[in-house]
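Single-letter residue listing:
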Amino acid sequence: MQWTRRSLLRLLLLSVALGTGALYGFKASESPSSCPGRIVCPLTGKLICRDACPLTK
């Protein structure tokens with residue numbers, strides 16, 4: 001099978017796109033691990049990490 005430059009370029013661009021998507025997915029799944037759980041803070045009414053609520057300290 002003979003690869004043309006256009007086919008190789010498409011394969012390279014597809015690989016870069018998939019790699020970028022995978023890296024973004026792994027990065028996004030890492031951030032919640034630093035937060036033990038999310039609650040609505042009774043003082044502010046905002047969704048925050050459980051250990052960031054001033055009432056639990």
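Scoring rules and cut-offs
Residues numbered from 1 in each chain as written. Predicted model: local features only at pLDDT ≥ 70, side-chain atom pairs only at ≥ 80, totals over all residues. Heavy atoms only, no water. Helix = DSSP H or I, 4+ residues; strand = E, 2+ residues; numbered from the N terminus. Buried < 20%, exposed > 50% of the residue type's maximum accessible area, 1.4 Å probe, protein only. Areas by Shrake-Rupley, 256 points an atom, 1.4 Å probe, with all protein chains shown as cover. Contact = heavy atoms within 4.5 Å.

Enquirer: Sorry, what's going on with the overall build of the protein here?
Expert: Scanning the protein from terminus to terminus reveals one helix and two strands. Overall, the protein shows an N-to-C arrangement of helices and strands of α-β-β. Put simply, the protein has 57 residues, and 9% of those count as buried. Summed over its atoms, the accessible surface of the protein is roughly 5300 Å², and 64% of this surface lies on carbon and sulfur atoms.

Enquirer: Can you help me understand the environment of C49 in this one?
Expert: Mapped onto the fold, C49 is located in strand β2 (residues 47-49). When its relative accessible area of 19% is taken as the criterion, C49 is described as buried. Distance from C49 to P36, taken between C-alpha atoms, is 6.7 Å for residues 13 residues apart in sequence. Setting aside its immediate chain neighbours within four residues, C49 contacts C35, G37 and R38.

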